[in-house]
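The residues making up each chain are set out below.
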Amino acid sequence: MGKTLFDKIWDKHVVEKIPDGPSVLYIDKHLIHEVTSPQAFKGIEQRGVPLFRPKQTIATADHNVPTINQHLPIRDELSRMQVEQLINNCSKHGVELYGLGHPYQGIVHVIGPELGITQPGMTMVCGDSHTSTHGAFGTIAFGIGTSEVEMVFASQCVLQTKPKTMRINIEGELQKGVVSKDIILYIIAKISASGATGFFVEYAGSTIRSLSMEARMTICNMSIEMGARGGMIAPDETTFEYVKGRPFAPKGNAWDKKLTEWKELYSDADAIFDSEININAAEIPPMITYGTNPGLGIAVNGHIPVLEHISDEGEKKNIEKALQYMGLNSGASLIGMPVQHVFIGSCTNSRIEDLREVAALVKGRKKSDAVKVMIVPGSQQVAKQVHAEGLDRIFAEAGFQIRQAGCSACLGMNEDKVPAGEYCISTSNRNFEGRQGAGARTLLASPLTAAAAAITGVVTDIRELI
Amino acid sequence: MKALQKIQSRFVPIPMENIDTDQIIPARFLKATTRDGFGKNLFRDWRYENDSEANPKTDFALNNPLYSGEILVAGKNFGCGSSREHAAWAILDYGFNAVVSSFFADIFKNNALNNGVLPVTVSESFLQKIFEQGNEATLSIDVESQTIRIDATGEQESFELNSYKKTCLLNGYDDIDFLLSRREAITKFEKESA
Ligand code: SF4
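Numbering of residues starts from 1 in every chain and runs along the sequence as written. Chain letters start at A and ligand numbers start at 1, both assigned in the order the entries are written. This being a predicted model, a pLDDT of at least 70 is required before a residue's local features are given, and a value of 80 or more before pairs of side-chain atoms are given or counted; all residues contribute to the totals for chains, interfaces and linings. With hydrogens and water set aside, each side-chain value is computed from the structure's full complement of heavy atoms.

Participant: What am I meant to see in the sheet that holds strand β1 (residues 14–17) of chain A here?
Facilitator: Strand pairing in a sheet takes place through backbone hydrogen bonds and is either antiparallel or parallel in direction. Residues and elements named next belong to chain A. For two strands to be treated as a pair, DSSP must find at least two bridges joining them. Put simply, DSSP marks the helices as runs of H or I at least four residues long and the strands as runs of E at least two long, and each gets a number from the N terminus on. Spatial ordering of the open sheet is given by β1-β2-β8, a layout of 3 strands whose pairing is antiparallel. The open sheet has two free edges, formed respectively by β1 and β8 (157–160), since each of these has just one partner strand. Sheet twist, expressed as the mean angle between neighbouring strand axes with direction ignored, is 20 degrees. Pairing between β1 and strand β2 (residues 23–26): 3 bridges, direction antiparallel. By the bridge assignment for β2, V14 is matched with L25. Orientation is described by axes fitted as lines to C-alpha atoms, over the contacting stretch for helices, and by angles from 0 to 180 degrees between their N-to-C directions.

Participant: Any chance you could explain the packing of helix α6 (residues 180–191) of chain A against helix α8 (residues 213–221) of chain A here in plain terms?
Facilitator: To characterise two packed helices, one gives the angle between the axes of the helices and the distance between these axes. Residue and element names in this part refer to chain A. Put simply, α6 and α8 touch, their axes get as near as 8 Å, and they point 20 degrees apart. As summarised for this structure, α6 and α8 are arranged roughly parallel, according to the angle between their axes. As for how α6 packs across α8, the hand of that crossing is right-handed. Across the interface between the two elements, S180, K181, I183 and I184 from α6 touch A215, T218 and I219 from α8. All amino acids are sorted into three groups, where Ala, Val, Leu, Ile, Met, Phe, Trp, Tyr, Cys and Pro are nonpolar, Asp, Glu, Lys and Arg are charged, and the leftover types, Gly among them, are polar. In terms of residue class, the contact of α6 with α8 is built from 4 nonpolar, 2 polar and 1 charged. Roughly parallel refers to an angle under 35 degrees, roughly antiparallel to one over 145, roughly perpendicular to one between 65 and 115, and oblique to any angle outside these ranges. Note: crossing handedness is left-handed where the near helix turns anticlockwise from the far helix by less than a right angle, and right-handed where it turns clockwise. Two residues form a contact once any of their heavy atoms are found within 4.5 Å.

Participant: Help me understand helix α13 (residues 380–388) of chain A in this model?
Facilitator: Count 3.6 residues to each turn of an α-helix, and residues three or four apart come out pointing the same way. Pairs of N or O atoms within 3.5 Å make up the polar contacts considered here, provided that, within protein, one atom can donate a hydrogen while the other can accept it, and that residues adjacent in sequence are counted only when both atoms are side-chain atoms. Two or three places before Q381 of chain A, at the opening of α13 of chain A, S379 of chain A has a side-chain oxygen 3.3 Å from that residue's backbone nitrogen. Just past α13 of chain A, the residue G390 of chain A takes up positive phi, approximately 75 degrees.

Participant: Explanation requested: the environment of G327 of chain A in the structure shown.
Facilitator: Mapped onto the secondary structure, G327 of chain A falls in the loop between α11 (313–326) and β15 (341–344). Remark: the alpha-carbon pair of G327 of chain A and Y290 of chain A, spanning 37 residues in sequence, is separated by 9.7 Å.

Participant: What is the right way to look at the sheet that holds strand β18 (residues 423–426) of chain A in this model?
Facilitator: Residues and elements named next belong to chain A. What the 5 strands build is an open sheet, ordered β17-β16-β15-β18-β19; its pairing is parallel. One side of each edge strand has no neighbouring strand; the edge strands of this open sheet are β17 (401–402) and β19 (441–444). With 4 bridges joining them, β15 and strand β16 (residues 372–375) adopt parallel strand pairing. Opposite I344, over in β16, you have I375 as the bridge partner.

Below is the structure:
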């Protein structure tokens, strides 16, 4: 029997398998940030052990950082202390840090790929659930907790139970106005926020093959929102082309050698998955969420489910509670509903292509007076590119505010928050209660759908603007 | 990590599905650099009106004096969302040593086990039976035999736990000690796969 892509990489990284227990899995690259690392550094210090392989860990500051005046000291004292502690810990333990002010600084899942740190065939972890993003390169990448960060510090390994495998095949051409964010929101709505728990997902099929690397990252990024341990896509020419020439990519002979290895990274034709799902790309509409988990999504021009039609009592209660929080009605359509905020950013959709797409749509248009629009590039590199391509002028003319790199309103740990009771169309990945600020109401959508709402001030079907 | 063998206790029911880690511990409390003191902010926004401890929401289980105990019982897909281990720390710090649900999100399950909080996965019907018990009812959880029992009715179910994790829990061992003992094998692995 053939092997899946996942198995090929997994098997190569198992140091040993504990009988009736997890495997000791070797980690090639470890990314850290200020929020989930301090207790892990403290942990190894208390044990009196050094970092086992400090060169394989790379740090950045992203979750807490302000997105204006980054050259000034951070005003919030606790945030400042956390960022300072990261600086101290990295220098003490010999970890490379791309902190505030560094040209490589940015959201951890944006900088890994853009610097060429993320490469096919690797195992990667980070104390952050959206580490699944890196799977777009044919990488086993997943989020871990702080105890596991400490494990990697101590041994460059984590203990992992092998997940089951799922393949999601998407075939055919996408409708106009439908982008990769819609694909993943559609999948999650179809299988629910827990539909892939216990699985590692491989996305395959002609639709996936046709996507750019950045579009693929958006899909893998949200794998965790359906409970999956991670998501991955087999590397191909698009992948190799993207990695080539980036600062940390292999060069010369090393590149040729790696390329030969990478070309073996695919699921064999006779590989068997524990679960398989088929999707026709043509049936995917522009999506939007109405509830408080990413699985509660509908076509932007569709209707919220009618409560009386839901037979599962648990689900009914769930949606009822979500609608109450969101201030929305069972059976209603969202089209034409006013929104007060538009947030374009986060590790899901803050890369240059996302911003180019938005710029192409808003060029020559102006935002509605009723909305505040914030664009937060994923990294310093993206911000630089925005400037170089003159996109910042387009945004400024449209009345969009462009900020400095960081997680920002994705989780509202800094000042970028949505006020209680107000609606925000967000390109981020989570619409949980209070995620963007206490009482904030988040509607997840693609950068295009978000930009459309910025222009009209209401939830809009993007297909009517293009 | 402290050892965990048996728990017999009353429980606090939160019969909601998809309880995500942003609710268990909201992001604004993640700025701490130690593992302590998260319990007072457990379920912060479900517990208090306008973030004020002077205004507890009386309909929330943690504020209901009828409920107490070392066991939290919650609806399916508990702990989904962010990987923040702070969620497990908050649950432990508040005083819970086990969480019972019909389904746990993967990362939360690992995080809980790594802190000596036992995630007990039961069937949906058993979970509903627990929710039907009165506030005086107690549950007995036994790590060695991997069973959970509703004491009043004697109904019980067994739950999954691999033997490695079981040994860790019963003895209070942690994964890091284990991995540190394997550094030689890991170095050998690195040489062979280079
Ligand atoms: S952008 Fe949002 S989801 Fe991504 S790493 Fe930052 S906080 Fe997490």
